[in-house]
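Given next are the chains, with one letter for each unit.
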Amino acid sequence: MKFAVIRFPGSNCDRDMYNAAKKIDCEVEYVDYRKTSLEGFDGVLIPGGFSFGDYLRSGAMAKVAPIMDEIKRFADEGKLVLGVCNGFQVLTEARLLPGALIHNDHHQFICRNDSIRVNNHSQFTHLYDIGEDLTIPIAHGEGHYYCDDETYQTLVDNHQIMFTYNDNPNGSYKDIAGITNEQGNVLGMMPHPERALDQLLSTDDGLKLFQSMITPYEKGE
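If you're wondering where the values come from, they're calculated on a predicted model, not measured in any experiment.

A.B. asks: Can you explain the side chain of aspartate 14? Please cite residues and give values.
C.D. replies: Here aspartate 14 shows up in helix α1 (residues 14-23). Here aspartate 14 falls in the buried class, since its relative accessible area comes to 11%.

Now the structure itself:
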């Protein structure tokens, strides 16, 4: 598999994403936000950071960047798209995922290791056990996932909630930490699996997410 790591002005986790792809022995290249083609790539990684300085709203300006039309086409074709932290915000702003990310309830930036639980299997999570608890870093000021009750019920019914917080750090609705689209090929999550790839960093619980992406998976497994 060959991954594209999208770089927006203000991205600051792009190297972490690049290294994650290298960790699982995949080809990977940085792709500038002004590009309009993802030809030759099999997966897209949208990193954390502060795209366009988080002006207007986090991800609001990135959603109209030239590369986004191509990412939408990519997702529509069923190819894998992973957005982490600011990447998750970009995906909701672009309506590739439902809901929105708003300010943490306490209006403070939080940066620490946190505990999340695997809720469902998907192309991103099938190497984990359902119900498995992971230690994954978080670092965000606008990580409160919000949706209405109808959207939440759809997420539940379609098994789209991949991760929930064990001790909700930001007020996210129903403890949601990460979701997929209905097709299951687009994942957005606030915790940073790309920062959890080696025990030297205190946890390698993020590694199986990237390994899952390149390992065959049949829906329903």
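A.B. asks: A description of a nonpolar patch on the surface should follow, citing residues and the corresponding values.
C.D. replies: On the surface, Tyr55, Leu56 and Met61 cluster together to form a nonpolar patch covering roughly 370 Å² of accessible area. Assignment of secondary structure puts leucine 56 in the loop between β3 (43-46) and α2 (67-76). On the basis of relative accessible area, leucine 56 is assigned to the exposed category, the value being 75%.

A.B. asks: Please give an account of the sheet that holds strand β4 (residues 80-84) that cites residues and values.
C.D. replies: Reading across from one edge, β2-β1-β3-β4-β11-β10-β9-β6-β7 is the order of the nine strands in this open sheet, with mixed pairing throughout. Among the strands making up the open sheet, the edge pair consists of β2 (27-32) and β7 (133-140). Pairs of neighbouring strands in the sheet enclose a mean axial angle of 25°, with direction left out of account. Across four bridges, the pairing between β3 and β4 is parallel. Following the sheet pairing, isoleucine 46 is matched in β4 by glycine 83. Those strands touched by helix α3 (residues 86-93) are β3, β4, β10 (176-180) and β11 (186-189), and its axis lies near 120° from that of β4.

A.B. asks: An account of the pattern of salt bridges is needed here, citing residue identities and associated values.
C.D. replies: Here the structure, examined in full by the defined rule, presents 11 salt bridges. Across the salt bridge formed by lysine 79 and glutamate 77, the nearest N and O atoms sit 3.9 Å from each other. Judged by its relative accessible area of 47%, glutamate 77 falls in the partly exposed class. Through salt bridges with shared partners, one network takes in Glu70, Arg73, Glu77 and Lys79.

A.B. asks: Tell me about the pairing of β11, and name the residues and values.
C.D. replies: Looking along a regular strand, one sees side chains alternate from face to face of the sheet. Here β11 shows two buried faces, one formed by Val186 and Gly188 and the other by Leu187 and Met189. Note: β4 against β11, four bridges, orientation parallel. Within β11, the residue paired with leucine 82 across the bridge is leucine 187. The pairing of β10 with β11 spans three bridges and is classified as antiparallel. Paired with threonine 180 across the strands is leucine 187, a residue of β11. A loop of five residues connects β10 with β11, the two strands running antiparallel in sequence, and glycine 184 in this loop sits at a positive phi of about 85°.

A.B. asks: Summarise the pairing of β4; cite the residues concerned and give the values.
C.D. replies: Judged by how many residues are buried, β4 sits mostly within the fold: five of five residues are covered. Residues Leu80, Leu82 and Val84 line one face of β4 and the alternating positions Val81 and Gly83 line the opposite face, and both faces are buried. This β-α-β element, β3 to α2 to β4, shows right-handed connectivity.

Conventions and cut-offs
Residues numbered from 1 in each chain as written. Predicted model: local features only at pLDDT ≥ 70, side-chain atom pairs only at ≥ 80, totals over all residues. Heavy atoms only, no water. Helix = DSSP H or I, 4+ residues; strand = E, 2+ residues; numbered from the N terminus. Buried < 20%, exposed > 50% of the residue type's maximum accessible area, 1.4 Å probe, protein only. Patch = residues over 30% accessible without salt bridge, like charges linked within 9 Å, V, L, I, M, F, W, Y side chains within 5 Å. Areas by Shrake-Rupley, 256 points an atom, 1.4 Å probe, with all protein chains shown as cover. Salt bridge = Lys/Arg side-chain N within 4 Å of Asp/Glu carboxyl O. Pairing = 2+ DSSP bridges. Axes fitted to C-alpha atoms, helices over the stretch in contact; angles between N-to-C directions. Contact = heavy atoms within 4.5 Å. Right-handed = clockwise from strand over helix to strand, strands pointing away.

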